[in-house]
Amino acid sequence: MARCWRTRGGLTSRLLAQVGFLPGDTARHHRAVILDLLQEALTESGLTSQDIDCIAYTKGPGMGAPLVSVAVVARTVAQLWNKPLVGVNHCIGHIEMGRLITGATSPTVLYVSGGNTQVIAYSEHRYRIFGETIDIAVGNCLDRFARVLKISNDPSPGYNIEQMAKRGKKLVELPYTVKGMDVSFSGILSFIEDVAHRMLATGECTPEDLCFSLQETVFAMLVEITERAMAHCGSQEALIVGGVGCNVRLQEMMATMCQERGARLFATDERFCIDNGAMIAQAGWEMFRAGHRTPLSDSGVTQRYRTDEVEVTWRD
Amino acid sequence: MQAAGQGTGGSTGDADGPGGNAGGPGEAGATGGRGPRGAGAARASGPRGGAPRGPHGGAASAQDGRCPCGARRPDSRLLEFYLTMPFATPMEAELARRSLARDAPPLPVPGVLLKEFTVCGNILTIRLMAADHRQLQLSISSCLQQLSLLMWITQCFLPVFLAQPPSGQRR
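Right, let's walk through the structure included here. (Residues numbered from 1 in each chain as written. Chains lettered and ligands numbered in written order. Predicted model: local features only at pLDDT ≥ 70, side-chain atom pairs only at ≥ 80, totals over all residues. Heavy atoms only, no water.)

Moving on, we get to the overall build of chain B. Scanning chain B for helices and strands turns up 2 helices and 4 strands. For chain B, the α and β elements follow one another from N to C terminus as β-β-α-β-β-α. Residue burial in chain B is summarised as follows: out of 171 residues, 43% are buried. Considering only intrachain contacts with a sequence separation of at least 6, the fraction spanning at least 24 residues in chain B is 62%. Accessible surface computed for chain B: about 8,300 Å², of which carbon and sulfur atoms make up 57%. (Helix = DSSP H or I, 4+ residues; strand = E, 2+ residues; numbered from the N terminus. Buried < 20%, exposed > 50% of the residue type's maximum accessible area, 1.4 Å probe, protein only. Contact = heavy atoms within 4.5 Å. Areas by Shrake-Rupley, 256 points an atom, 1.4 Å probe, with all protein chains shown as cover.)

This is how it looks when you write it as structure tokens:
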């Protein structure tokens, strides 16, 4: 399923090209490809509907229109094939895929993407949110920064910022906002939107310097709140998940922090960091084995679905 | 499109019953009887005052049976769109209803869209209501796209489903 999903990745940059992912466009894309994808997955795996144990789908969080489009398909297929439905939390999908791929047992999780920024740790059958952004996600901050500097969206703004940052030489001081266990990115974004063009016009810095400075600042904030959570939990493992987790500089900074603490860092590559169907299947599988079922009457999608709302019965 | 006022009529309750001018020409849902029928019949109505009428001529009800209009101002407008879709069997119509109805808002809120999905025999009836024309237009577009997707999936997998031997209790 992961391989089938990746072949559709070329559509990502087109969707992001204008003003980011728009719900209507994204839903239209999902509707256009989902049937072919479903058939391709069955064909490639050599399975039939009778071999399927359950239908896992994303119940939330996320954009409403795309969630509904896929939920309609999941419900229809579940009824046609007479299979149980399992509604999966998107964030938990990332965590369970990260644990599967890396082998981390009970890590403190840094979940960073365009839509979410959370520090999560497992405790008593819940993935507890220890810290999070109080405004925009870090990936959203990076994407909007890229738009300010007119950085290309191909293949993705975050990737291009990362490559430009490698050529940065000067650290520009930017607002650093950590509030206890939480972080805030809207201020740094507003600051850059105000001063970037002036600084570039006067030659005070280059776009590469700004990319470098932004990464160093926001990633340091994330490392701080992750370390604080690890200290609170006495955790010896850290796991990075989510699209921004592909960033090598973030992984380096987290690795340095873990090393200083005698802890171990786990991270995946872009196949599993970025949103993918396999992670929903993995989490759905864990839930199914633990006895979770989502009745049709409860299968509506939820745009705001907190990570800690799910009872994690598949772990001790 | 089936013209308003040409509903099947019949049952108790007048389309122009108490509650104002809900039964005037161009007023969908005011049939006083069963909802509109016929292949793919769809109707839309313009603004109307008073309490909206359901397919049976009574006050329109949300999925939980409560009247959504108790608190509406007398001069409020409500826009409505009806769509009926025939299926080959009642089972398929019910399958479609179950797939589409789950994401409808559970209770109507003034100014917010109401979606209602009902099945009678092999006919699925979709009713959309909103106080704002743009909201209604967006909802109609979204609903038709989801219905189209459902039909696509069903066409692809229903032959396989029908070919399977009976396997006990269905959902």
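Having put the structure on the table, let's press on.
Here we come to the sheet that holds strand E4 (residues 117-123) of chain A. Residues and elements named next belong to chain A. One open sheet holds the 5 strands; their spatial order is E5-E4-E3-E8-E9, and the pairing between them is mixed. For this open sheet the edge positions go to strand E5 (126-132) and strand E9 (264-267), each flanked by a neighbour on one side alone. Pairwise comparison of adjacent strand axes, ignoring direction, gives a mean angle of 25 degrees for this sheet. Relative to E4, strand E3 (residues 108-112) is paired through 4 bridges, and the arrangement is antiparallel. When the bridges of E4 are listed, Leu110 appears paired with Val119. Its contacts with the sheet put helix H10 (residues 248-261) on E3, strand E8 (237-241) and E9, and the angle it makes with E9 is roughly 160 degrees. (Pairing = 2+ DSSP bridges. Axes fitted to C-alpha atoms, helices over the stretch in contact; angles between N-to-C directions.)

Let us now look at the pairing of strand E2 (residues 85-89) of chain A. Residues and elements named next belong to chain A. Counting buried residues along E2, 5 of its 5 residues qualify, which places the element largely inside the surrounding structure. Because side chains alternate across E2, one face comprises the buried residues Leu85, Gly87 and Asn89, and the other comprises Val86 and Val88, equally buried. Pairing geometry for strand E1 (residues 55-60) and E2, over 5 bridges, is parallel. Within the sheet, the bridge partner assigned to Tyr57 lies in E2 and is Gly87. Crossover handedness for the path E1 to helix H4 (residues 64-81) to E2: right-handed. (Right-handed = clockwise from strand over helix to strand, strands pointing away.)

Note: interface size is frequently given as the accessible area lost on complex formation between the parts. If you look at the interface, chain A gives 28 residues, while chain B gives 23 residues. With both sides pooled, the region where chain A packs onto chain B buries about 2,400 Å², and carbon together with sulfur makes up 63% of that total. The interface formed by chain A and chain B holds 0 salt bridges in total. Taken together, chain A and chain B are joined by 7 residue pairs in polar contact (both at pLDDT 80 or more). Contributions of two or more residues to the side of chain A that touches chain B are made by helix H3 (23-45) and H4 of chain A. (Buried area = accessible area lost by both parts, 1.4 Å probe. Salt bridge = Lys/Arg side-chain N within 4 Å of Asp/Glu carboxyl O. Polar contact = N/O pair within 3.5 Å; in protein donor to acceptor, adjacent residues only side chain to side chain.)

Residue and element names in this part refer to chain A. In this model helix H12 (residues 277-289) runs 18 Å from its N-terminal to its C-terminal C-alpha over 13 residues, within 8% of the 18 Å that 1.5 Å per residue would give. Along H12, the residues that are buried comprise Ala278, Met279, Ile280, Gln282, Ala283, Gly284, Glu286, Met287 and Phe288. Structurally, the start of H12 carries an N-cap: the backbone nitrogen of Ala278 is 3.2 Å from a side-chain oxygen of Asn276. (Expected span 1.5 Å × (residues − 1).)

Looking now at the nonpolar core. Counting residues in each nonpolar core, the largest one holds 46 residues, and the members touching the most others are Phe145, Phe185, Leu214 and Leu250 of chain A. Counting residues per element, the ones that place at least two in this core are E3, helix H6 (138-148), helix H7 (157-165), helix H8 (186-201), helix H9 (207-233), E8 and H10 of chain A. In this view, Leu250 of chain A contacts Leu110, Val112, Phe219, Leu222, Ile240, Val244 and Gly245 of chain A; residues no more than four positions away in its chain are not counted. In this structure, Val68 and Trp81 of chain A together with Leu124 and Cys143 of chain B belong to the second largest nonpolar core, which totals 44 residues. (Core = buried A, V, L, I, M, F, W, Y, C linked by side-chain atoms within 4.5 Å.)

Residue and element names in this part refer to chain A. Within the secondary structure layout, Thr108 lies in strand E3. What makes Thr108 buried here is its relative accessible area of 1%. Discounting chain neighbours no more than four positions away, the residues touching Thr108 are Val119, Ile120, Thr226, Ala229, Met230, Ser235, Glu237, Ala238 and Leu239.

Next up on the list: the side chain of Thr125 of chain B. Positionally, Thr125 of chain B belongs in strand E4 (residues 123-130). Beyond its immediate chain neighbours, meaning those up to four positions away, Thr125 of chain B contacts Tyr82, Leu83, Thr84, Glu116, Phe117 and Thr118 of chain B.

Counted by the stated rule, this structure contains 3 aromatic pairs over all chains. Between the NZ or CZ atom of Arg315 of chain A and the centre of the ring of Tyr122 of chain A, over which it lies, the distance is 4.1 Å. (Phe/Tyr/Trp six-rings, centres within 6.5 Å; stacked < 30°, edge-to-face > 60°. Lys NZ or Arg CZ within 6 Å of the ring centre and 35° of its normal.)

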